[in-house]
Amino acid sequence: MENNKRPETMARINTPELARQFIDEQVAAVRAQVGDKKVLLALSGGVDSSVVAALLIRAIGRQLVCVHVNHGLMRKGESEQVIDVFRHQLDANLIYVDATDRFLNKLQGVSDPETKRKIIGGEFIQVFAEEAHKLDGIAFLAQGTIYPDIIESKGVKAHHNVGGLPEDMNFELVEPVKLLFKDEVRMVGVALGLPESMVYRQPFPGPGLGVRCLGAITRDRLHALREADAILREEFDRAGLTRQVWQFFTVIPDFRSTGVRDGKRLDDWPVIIRAVNTVDAMTATVPELPWPVLHTITDRILAEVPGVCRVLYDLSPKPVATIEWE
Ligand code: XMP
């Protein structure tokens, strides 16, 4: 526990120079710890695991084995970005596992939110463990633990994050950013040359789109949700809102609503826009988004996303409403 405490003398990493200094120190420390052995990392594409991956690639190159599990509940383009940045730009030793069918089959007909979370979390561990068992000579496990994880959950990586690890994996841990706060991790990520869209990515729940496709997940609604979410993100980017709003996403309920298209009545899905500002996710407020931006998003979703006939903006603060819908 001793080296899990941030020394009071440790300077806040708030300049590129300090970030570079931290990287140099950690590169040396990781090399000393790991030697010529192999290190395994579950790379979700989130800020913390991405920064750890980039740092370890700098320290030990292809001795790091990254496993990216696509559970089929990622946002549009996310797994592709992981492959592009890590395999193509940083020459990482990256194993990509498309487990979409496996997850969606397990989730078929399951509508209870906590059961969905358990299935997604459990299946993730299973898939990761299977990949790990195929590999020879792994001696270390790297984790994107950050200081708030240590303070909040006694050293366990964010308790409700998917990405817990199999219990039979007795590897020694490599946790190079465990004493850093989130803003410092981001500084280090930028200094390592990771794209801003990755380093400043908004929080994304471990179960991903699984808890935004309400009730029992179906492939058609999941597709509509992903496309609508991509439009929302594109239009937020265009309007300069991406870094101003803490978290924003779309939700698709599991009931239909009446619409009319080309003179014909239809029963299609509504899509809900959720956008919140918060400091710690315990309470949240809803920003006043510019009306024209909401109109553009609505028009584009209705024109471009099959099966959607209605778009709503959720005005509920937390409390009483939680940020996610389920
Ligand atoms: P709520 O909905 O509880 O969300 O107001 C607070 C924050 O937590 C995120 N969240 C999750 N993150 N696994 C995660 O890793 C989950 O199961 C989960 N549920 C909610 C949510 O996106 C928000 O940032």
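As shown above, the structure is provided for reference.
These numbers were taken from a predicted model, which means no experiment stands behind them.

Colleague: Quick one: what's the story with the packing of helix α2 (residues 47–60) against helix α7 (residues 182–191), residue by residue and with numbers?
Modeller: Put simply, α2 and α7 touch, their axes get as near as 9 Å, and they point 45 degrees apart. Between α2 and α7, the interaxial angle falls into the category oblique. Judged by the twist between their axes, the crossing of α2 over α7 is left-handed. Side by side, α2 and α7 meet where V47, D48, V51 and R58 of the first sit next to K182, V185, R186, V188, G189 and A191 of the second.

Colleague: Which residues make up the packing of helix α4 (residues 100–107) against helix α5 (residues 113–134), and what values do they have?
Modeller: Running from N to C, α4 and α5 cross one another at 145 degrees; their axes reach a closest spacing of 10 Å. Crossing of α4 against α5: the hand is right-handed. Side by side, α4 and α5 meet where R102, F103, K106 and L107 of the first sit next to K116, I119, I120, E123, F124, Q126, V127 and E130 of the second. Broken down by class, the residue content of the contact of α4 with α5 amounts to 6 nonpolar, 1 polar and 5 charged.

Colleague: Could you give an account of α5, naming the residues involved and the relevant values?
Modeller: In a regular helix each residue adds 1.5 Å, so 22 residues correspond to 32 Å; α5 covers 32 Å between its end C-alpha atoms and thus fits that length. Those residues of α5 lying buried are K116, I120, G121, E123, F124, V127, F128, A129, E131 and A132. Buried residues along α5 sit in contact with β1 (38–42), β2 (64–70), β3 (93–98), α4 and β4 (138–142).

Colleague: How would you summarise the pattern of salt bridges if you had to cite specific residues and measurements?
Modeller: Scanning all chains against the criterion turns up 24 salt bridges. Measuring nitrogen to oxygen at the nearest pair gives 3.4 Å for the salt bridge that ties D91 to R62. With D91 in the loop between α3 (78–89) and β3 and R62 in the loop between α2 and β2, the pair connects residues that are 29 residues apart, well separated along the chain. Here R62 falls in the partly exposed class, since its relative accessible area comes to 46%. Linking E196 and R243 is a salt bridge whose minimum nitrogen-to-oxygen distance equals 3.3 Å. Highlighted residues: E196 in helix α8 (residues 196–199) and R243 in the loop between α9 (219–238) and β6 (247–251), separated in sequence by 47 residues. Residue class for E196 comes out partly exposed when judged on its relative accessible area of 49%.

Colleague: Residues and numbers for the pairing of β1, please.
Modeller: With 4 of 5 residues buried, β1 is to be regarded as a mostly interior element. Bridge analysis of β1 against β4 gives 4 bridges, and the strand direction is parallel. Each bridged residue has a counterpart across the sheet, and for V39 the counterpart in β4 is F140. Sheet topology note: the β1/β2 ladder contains 4 bridges and is parallel. The residue of β2 that forms the bridge with V39 is L64.

Colleague: Explain helix α1 (residues 16–34) to me, using residue names and the numbers behind them.
Modeller: Taking 1.5 Å of rise per residue, the 19 residues of α1 would be expected to cover 27 Å, and the 26 Å separating its terminal C-alpha atoms lies within 8% of that figure. Those residues of α1 that sit buried are A19, F22, I23, Q26, V27, V30 and V34. The arc that holds every buried residue of α1, seen down its axis, measures 140 degrees, which confines them to one face. Residues of α1 that are exposed and point over 90 degrees away from its buried face: D24 and A32. Following α1 by one or two positions, G35 adopts a phi angle in the positive range, close to 60 degrees.

Colleague: Could you give an account of unusual backbone geometry, naming the residues involved and the relevant values?
Modeller: Excluding glycine, residues mostly carry a negative phi; peptide bonds, for their part, are mostly trans. Cis geometry is found at the peptide bond from K318 to P319, where omega equals -15 degrees. Here P319 shows up in the segment after β9 (308–313). Between P319 and the following residue, V320, the backbone shows a cis peptide bond with an omega angle of 15 degrees. If you trace the backbone, V320 turns up in the segment after β9. Not every positive phi belongs to a glycine, and D91 is a case in point at roughly 55 degrees. One non-glycine residue, A281, lies in the positive phi region at around 70 degrees.

Colleague: Tell me about the nonpolar core, and please be specific about residues and values.
Modeller: In terms of nonpolar packing, the biggest core is built from 48 residues, with L40, L73, F128, L222, F236, L289 and I301 touching the most fellow members. Residue contributions to this core peak at 7 residues, all from α9. Of the residues that make up this core, three or more belong to each of domain 1 (16–199) and domain 2 (212–313). Here L40 is in contact with V65, V67, F128, A132, L135, I138, F140, L141, A142 and F171, once residues within four sequence places are set aside. Listed in part, the 40 residues of the second largest apolar core include V52, I83, L180 and V199.

What counts, and where the lines are drawn
Residue indices begin from 1 for each chain and proceed along its sequence in written order. For a predicted model such as this one, the threshold for reporting local features is a pLDDT of at least 70, and the threshold for listing and counting side-chain atom pairs is 80 or more; totals across whole chains, interfaces and linings nevertheless cover every residue. Here the side-chain values reflect all heavy atoms present in the structure, with hydrogen atoms and water set aside. Working convention: axes come from line fits to C-alpha atoms, limited for helices to the stretch in contact. Angles between N-to-C directions cover 0 to 180 degrees. Helix and strand assignments come from DSSP, with helices taken as H or I runs of at least 4 residues and strands as E runs of at least 2, each series counted from the N terminus. In these notes the angle categories are as follows: under 35 degrees is roughly parallel, over 145 is roughly antiparallel, 65 to 115 is roughly perpendicular, and the rest is oblique. Here a crossing is called left-handed whenever its near helix is offset anticlockwise from the far helix by less than a right angle, and right-handed whenever the offset is clockwise. We call two residues in contact when some of their heavy atoms are within 4.5 Å. Residues are grouped as follows: nonpolar covers Ala, Val, Leu, Ile, Met, Phe, Trp, Tyr, Cys and Pro; charged covers Asp, Glu, Lys and Arg; every other residue, Gly included, is treated as polar. A helix is expected to span 1.5 Å for every residue after the first. Burial classes: relative accessible area under 20% of the type maximum marks a residue as buried, over 50% as exposed, and values in between as partly exposed (1.4 Å probe, protein chains only). The term salt bridge refers to a pairing of a side-chain nitrogen on Lys or Arg with a carboxyl oxygen on Asp or Glu at a separation within 4 Å. One requirement defines pairing of two strands: DSSP has to find at least two bridges between them. Think of the arc as the fan of directions from the helix axis to the C-beta atoms. Side-chain atoms within 4.5 Å link the members of a nonpolar core, which is a set of buried Ala, Val, Leu, Ile, Met, Phe, Trp, Tyr and Cys residues. Note that the domain bounds were set by an automatic or database domain assignment.

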